[in-house]
Amino acid sequence: MKVWTWHKPDFSLLNGHVDPKRSEYVQSVTGVAEAYRHLAALIGTSQFVWCYTIPGQRIQLPCHTEVEWTLDVPSDSILGFVDDIVWNRILGIRCGVSSEMREAWRNEAMRSFPHDAAARGRHLTEQEESFWTQALPGERWWESLFVEPEPRECVSALVPHPVAKKWVLVNPNCGR
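Criteria and cut-off values
Residues numbered from 1 in each chain as written. Predicted model: local features only at pLDDT ≥ 70, side-chain atom pairs only at ≥ 80, totals over all residues. Heavy atoms only, no water. Helix = DSSP H or I, 4+ residues; strand = E, 2+ residues; numbered from the N terminus. Contact = heavy atoms within 4.5 Å. Areas by Shrake-Rupley, 256 points an atom, 1.4 Å probe, with all protein chains shown as cover. Buried < 20%, exposed > 50% of the residue type's maximum accessible area, 1.4 Å probe, protein only. Phe/Tyr/Trp six-rings, centres within 6.5 Å; stacked < 30°, edge-to-face > 60°. Lys NZ or Arg CZ within 6 Å of the ring centre and 35° of its normal. Polar contact = N/O pair within 3.5 Å; in protein donor to acceptor, adjacent residues only side chain to side chain. Disulfide = S-S within 2.5 Å. Axes fitted to C-alpha atoms, helices over the stretch in contact; angles between N-to-C directions. Parallel < 35°, antiparallel > 145°, perpendicular 65-115°, else oblique. Left-handed = near helix turned anticlockwise from the far one by under 90°.

Our next topic: the overall build of the chain. The number of helices and strands found in the chain is six helices and six strands. Considering only C-alpha atoms, the chain reaches an extent of 60 × 35 × 35 Å along its principal axes. Of all intrachain contacts in the chain linking residues separated by at least 6 positions in sequence, the fraction that spans at least 24 positions is 81%. Accessible surface for the chain amounts to roughly 10,300 Å². Of this, 53% is attributable to carbon and sulfur atoms.

What follows is the structure, encoded as structure tokens:
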């Protein structure tokens, strides 16, 4: 399966080890370090990297210094597929929802308010607010974290680190 991941230029996917304490994400977002430990216990290792399952999911801003790696990882080597929205729910973070979810809300708004654009807009806002404020099912979020292996928006692949050299299609350190 083709996947994409972004890392600082001095981090190699081919050797070394993953130190979550060095991650800006772990350092800046409350609860991530504890959630990573729990996730590592579930998958049986702390040596993994997160990868997008479809291209173009990461917005690269001029201030970003991370570089992109493109991998082709055998499906049976992937540690798990994570629903990114559920991961953010576990962390208590609101993130973007999938275009599929947003489209379903839009269609519902069109059916309910075909001639009232303002009402459609309010409906979309209410749907999103309702989604994010629903009662948290606690540990059940963890039970919902892993999803079927399908490349799609809002699904990440957890790939073991270090990766096999033969999986690397684009390595920013050697220009391939």
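Next comes the rest of the account.
Glancing now at unusual backbone geometry. The phi torsion of most residues other than glycine is negative, and most of the peptide bonds are trans. Of note, the amide linkage connecting H161 to P162 takes the cis form, showing an omega dihedral of -5°. With respect to the helices, strands and loops of the structure, P162 is situated in the loop between β5 (155–160) and β6 (168–170). Positive phi, close to 70°, is recorded for C154, a residue that is not glycine. Tracing the sequence through the fold places C154 in the loop between α6 (139–143) and β5. Overall, the relative accessible area of 14% leaves C154 in the buried class.

What follows covers the packing of aromatic side chains. Scanning the model with the defined rule gives eight aromatic pairs in all. Members of the aromatic cluster, joined through ring pairs, are Y25, Y36, F48, W50, W87 and W142. Here the basic side chain of R89 rests over the ring of F131, its NZ or CZ set 5.3 Å away from the ring centre.

Note on placement: D84 falls in helix α3 (residues 84–91). D84 gets classed as buried once you look at its relative accessible area, which sits at 16%. For the pair D84 and V155, spaced 71 residues apart in the sequence, the C-alpha separation amounts to 5.6 Å. With residues up to four places along the chain from it excluded, the contact list for D84 reads W50, C154, V155 and S156. Among the polar contacts listed, one links the side chain of D84 to the side chain of S156, at a separation of 2.7 Å.

This next bit is on the side chain of Q47. Within the secondary structure layout, Q47 lies in the loop between α2 (32–43) and β2 (48–52). Separated by 2.6 Å, the side chain of Q47 and the backbone nitrogen of V18 make a polar contact.

If you walk through the whole model with that rule in mind, you get zero disulfides. Not part of a disulfide, C51 finds its nearest cysteine sulfur in C154, a span of 16 Å. The thiol of C95 is not disulfide-bonded; the next cysteine sulfur, from C154, is found 6.4 Å away.

Now for the packing of helix α4 (residues 99–112) against helix α5 (residues 117–133). When two helices pack together, their arrangement is given by the angle between the helix axes and the distance between those axes. Direction vectors running N to C along α4 and α5 enclose 135°, while the axes themselves pass 9 Å from each other. Judged on the interaxial angle alone, α5 and α4 are oblique. By crossing handedness, the relation of α4 to α5 is classed as right-handed. Mapping the contact onto sequence places M101, R102, W105, R106, E108, A109 and M110 in α4 and R120, H123, L124, Q127, E128 and F131 in α5.

It is worth spelling out the side chain of H7 at this point. By the element assignment, H7 lies in strand β1 (residues 2–7). At 2.7 Å, the side chain of H7 forms a polar contact with the side chain of T5. What H7 contacts, discounting residues up to four positions off in sequence, is L13, V49, E66, V67 and W69.

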